[in-house]
Structures are given as structure tokens and as C-alpha cells.
Amino acid sequence: LCPNVHEACPINPSGFQWFDLSRDDPDHILEGTYKAEKKIQQFITEIKKKYSLSNSQICLSGFSQGCMMSINVGLSEKEKFAGIIGFSGKIINKNDLIKRILSKPSTLLIHGDQDEIVPPVNLLEAKDFFERNKIDITTKMLKGCGHNIPIEASSLGLTFLKKIFNINSQFN
């Protein structure tokens, strides 16, 4: 299930955003992420109730800002999620997030080495953050990939899901 992003994006009029990046102001961005986290947590609570799920049965995933929000929500919830899969994102504010880590779900982060929107160095910085905080992290830098999710990334995500949910895909 994928929640709809809650606000229009002024930088990309045909797109939407979880938080505003039009101002280069870390406090403004952080305030926006807190609002978005509340919306996502509300969505997760509704889904858990509707389908009788626990966090251990949920993998958070997202692309770009969705990846960033998945990391924030995934690490700051007391009840551990099954995992996090992030495509082309970053850690929004390491100093803030480190103070809010309440659980440490296994995480897969994938990024293109040609990403022109979220620079690829963010994958390396996120990997360092996860390792320093003893959070199980797997990363993959995709050669020749820009700011998108190619088939290889989808396949890696599927393999990760099978692993965290212990799904054996033998066909007879």
C-alpha cells in the first residue's frame, strides 16, 4: 500500500512532496518532515487496524523523499518494522535522527551513481550512519542510473523482501 503524498511541489508543479525543499533552511525542512511523519504514522496506524497487522509485518519503502521519510519513520518507531527499502534518498538530518532512534530494522538502500537530484554521496553517508549506529544495512550503487528505479533495483528490493519475510520462492 502506498500513501499519497500530502502537498503539491512548488519546484515541480506536476509533482507532490512530503516536505518543502524550496527553502535552504534546515529548521524549515525538519519542521516539514515532522508533519509528514505524523501523516505517515497515521496512515500506518489505519492500515494496521484495518488489516490486523503489527510493525513486524510491514516493510517501509520509498523513492526520493519517500525513502527519506521511510528512514525517519522506520528508525523512530518503538515497535520495530520488518525492514526499510529506500531508493534514491538520504538521511534528512543526522543530528536529529540519531537522537530519535528507537528501533533498528534491517535496511536496504539503493542509489544510482548518476543521480542528478539526490547526489550519490548520500548513499555512502547513510551507510556510514547506519553502521555507526549498529543498524543492519545493505547498500547498492547502480552504475549508469539516474534518479529513478530501474528493474535491477526492483529485483534487489524483491529479494530483500523475500529475505526479511522468510519467503521461499520455489516453483514446481
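Everything in this summary refers to the structure shown in the same document. Counting of residues starts from 1 at the beginning of each chain's written sequence and follows it residue by residue. Confidence filtering applies because this is a predicted model: local features only for residues at pLDDT of at least 70, side-chain atom pairs given and counted only at 80 or more, and all residues used for totals across whole chains, interfaces and linings. Hydrogen atoms and water are omitted, and side-chain values are computed over all heavy atoms in the structure.

**Digging into the overall build of the chain**
So, step 1. Along the chain, the regular secondary structure elements total 5 helices and 6 strands.
So, step 2. Order of helices (α) and strands (β) in the chain, N terminus to C terminus: β-β-α-β-α-β-α-β-α-β-α.
So, step 3. Radius of gyration: C-alpha atoms only; globule rule: 2.2 Å multiplied by the number of residues to the exponent 0.38. By the compact-globule yardstick of 16 Å for 172 residues, the chain fits well, its C-alpha radius of gyration being 16 Å.
So, step 4. Of all intrachain contacts in the chain linking residues separated by at least 6 positions in sequence, the fraction that spans at least 24 positions is 62%.
So, step 5. When the accessible surface of the chain is split by element, carbon and sulfur atoms take 52% of a total near 10100 Å².
So, step 6. For the purpose of charge, His is not counted, nor are the chain termini; Lys and Arg are scored as positive and Asp and Glu as negative. For this purpose, a charge sits on NZ of Lys, CZ of Arg, CG of Asp or CD of Glu. When the 21 positive and 19 negative side-chain charges of the chain are each reduced to one mean point, those points stand 7 Å apart. The helix and strand labels rest on DSSP assignments: H or I over at least four residues marks a helix, E over at least two residues marks a strand, and numbering proceeds from the N terminus. Contacts are assigned to residue pairs that have any heavy atoms within 4.5 Å of one another. Each accessible area is a Shrake-Rupley estimate made with a 1.4 Å probe; only the visible protein chains count as cover when residues are assessed.

**Overview of empty space enclosed by the protein**
So, step 1. Put simply, the grid is 1 Å and covers the protein atoms alone, a cavity is a trapped set of points that fit a 1.4 Å probe, a pocket is an open set with protein on both sides within 12 Å along at least five of seven lines, and lining residues have an atom within 4 Å of a point. Grid points are joined across faces, edges and corners, and a volume is the space filled by probe spheres set on the points. Enumeration over the complete set of coordinates arrives at 1 cavity of 30 Å³ or more.
So, step 2. In this structure, the largest cavity occupies an estimated 50 Å³ of space.
So, step 3. Taken together, C67, I71, G86, S88, G89, K90, L109, I110, H111, N122, L123 and A126 make up the lining of the largest cavity.
So, step 4. Side-chain classes follow a simple rule in which Ala, Val, Leu, Ile, Met, Phe, Trp, Tyr, Cys and Pro form the nonpolar group, Asp, Glu, Lys and Arg form the charged group, and the remainder, Gly included, forms the polar group. Here the lining of the largest cavity is built from residues that sort into 6 nonpolar, 5 polar and 1 charged.

**Points about the layout of surface pockets**
With a probe scaled to a water molecule rolled over the atoms, the places where space remains empty come into view.
So, step 1. In this structure, the largest pocket occupies an estimated 670 Å³ of space.
So, step 2. L1, P3, C59, L60 and S61 are the residues nearest the centre of the largest pocket, which is lined by 25 residues in total.
So, step 3. Among the secondary structure elements, those contributing two or more residues to the lining of the largest pocket are helix 1 (26-51), strand 3 (59-63), helix 2 (65-76), strand 4 (83-87) and helix 5 (151-164).
So, step 4. The element that contributes the greatest number of residues to the lining of the largest pocket is strand 3, accounting for 5 residues.
So, step 5. When the residues that make up the lining of the largest pocket are grouped by side-chain class, the tally is 19 nonpolar, 6 polar and no charged.

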